[in-house]
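Each chain, letter by letter, is given below.
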Amino acid sequence: MSRQLSLEKRIERLEATVEIQNLMSQYQYLHSAYLNERIVGLFADRDDLSIDAPFGRYYGRDAARRCFGVLFEKDLTPRDLRGEMVEHTLTTPIIEVAGDAQTAKAVWNSPGHEAHKFFWVEGSPHIAFWNWLRYSVDFIRTEAGWRIWHLRVYSTFAADYYKSWVDAVPPPEPPLNEGDATYDEPPRPSTSYSKDRAPQLIPVPPEPYDTYETGQ
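Since this is a predicted model, take the numbers as computed values, not measurements.

Novice: Looking at this model, I keep getting lost on the pattern of salt bridges. Mind explaining?
Specialist: Note on pairing: side chains with opposite charge can pair once their charged atoms come close. Per the counting criterion, the structure on display carries 15 salt bridges. The closest approach of N and O atoms between Glu 12 and Lys 9, which form a salt bridge, is 3.1 Å. Of this pair, Glu 12 and Lys 9 both sit in helix H1 (residues 7-32), three residues apart, which is roughly one turn of the helix. When its relative accessible area of 24% is taken as the criterion, Glu 12 is described as partly exposed. Residue Lys 9 is classed as partly exposed on the basis of its relative accessible area, which comes to 23%. Ionic pairing is found between Asp 62 and Arg 66, a salt bridge with its closest N-O pair at 3.3 Å. A relative accessible area of 32% places Asp 62 in the partly exposed class. Linked by salt bridges that have partners in common, Asp 62, Arg 65, Arg 66, Asp 180 and Asp 184 make up one network.

Novice: Help me understand the pairing of strand E3 (residues 85-88) in this model?
Specialist: The side chains of a regular strand alternate between both faces of the sheet. In E3, alternate side chains face the same way, and those of Val 86 and His 88 are buried while those of Met 85 and Glu 87 on the opposite face are not. Inspection of the sheet shows E3 paired to strand E6 (residues 112-117) by four bridges, in the antiparallel sense. Paired with Val 86 across the two strands is Glu 114, which belongs to E6.

Novice: Please clarify how the environment of Ile 94 should be interpreted in this entry.
Specialist: Tracing the backbone through its elements, the reader meets Ile 94 in strand E4 (residues 91-97). C-alpha separation for the pair Ile 94 and Leu 201, spaced 107 residues apart in sequence, amounts to 14 Å. If near-sequence neighbours (up to four positions away) are discounted, Ile 94 is found in contact with Lys 105, Ala 106, Val 107, Pro 205 and Pro 206.

Novice: Which parts of the structure should I look at to understand the side chain of Arg 66?
Specialist: Relative to the helices and strands, Arg 66 resides in helix H3 (residues 63-75). Classification of Arg 66 by relative accessible area gives buried; the value is 6%. A polar contact of 3.1 Å, which involves the side chain of Arg 66, links it to the backbone oxygen of Thr 182. Setting aside residues no more than four positions away along its own chain, Arg 66 makes contact with Tyr 58, Tyr 59, Leu 71, Asp 180, Ala 181, Thr 182 and Asp 184.

Cut-offs applied
Residues numbered from 1 in each chain as written. Predicted model: local features only at pLDDT ≥ 70, side-chain atom pairs only at ≥ 80, totals over all residues. Heavy atoms only, no water. Salt bridge = Lys/Arg side-chain N within 4 Å of Asp/Glu carboxyl O. Helix = DSSP H or I, 4+ residues; strand = E, 2+ residues; numbered from the N terminus. Buried < 20%, exposed > 50% of the residue type's maximum accessible area, 1.4 Å probe, protein only. Pairing = 2+ DSSP bridges. Contact = heavy atoms within 4.5 Å. Polar contact = N/O pair within 3.5 Å; in protein donor to acceptor, adjacent residues only side chain to side chain.

Quick look at the structure:
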């Protein structure tokens, strides 16, 4: 950053780092408990909200509601939750709070394991699988506290519990492009592990910055 920060501003930024880590941890705990509708409140109430996930991209003030309040809360959730599991941890964080302490950028690795009844597949098979992800997130300070502003989720790999991810086929995808939860744009090219792809720096860790500029 280009300017010397006051002690007060440095403390403010340190406190913001803790609040942001807690915010993302709330996101993970709520998702694990299938309380996805409550995740909607962790997002900023803004027209420039965005969610960029392996299954599609959502934009606008209602992006979080459509993705978490409809898609995850209703469309992908069986009525009987017995035997369901979603657990993802947050590791190796890099959190950069802007010099003006109004925004922040962060990345995490997120190892995870899941078990679902795939009720959209014939026979509703109950499948356990690994699902490792990476997060790149922009945060913004609001009157209600720090909130998620731009959420980007990258797949590392998804593989059947009983098979190596080198050879395993990912679990069957549900029908997503329909109803109120329809994404605005299809997903970007896959970042999942492939024997034909070399490792890449995705996402790129954030660097220190003074203030958020559109297009960053």
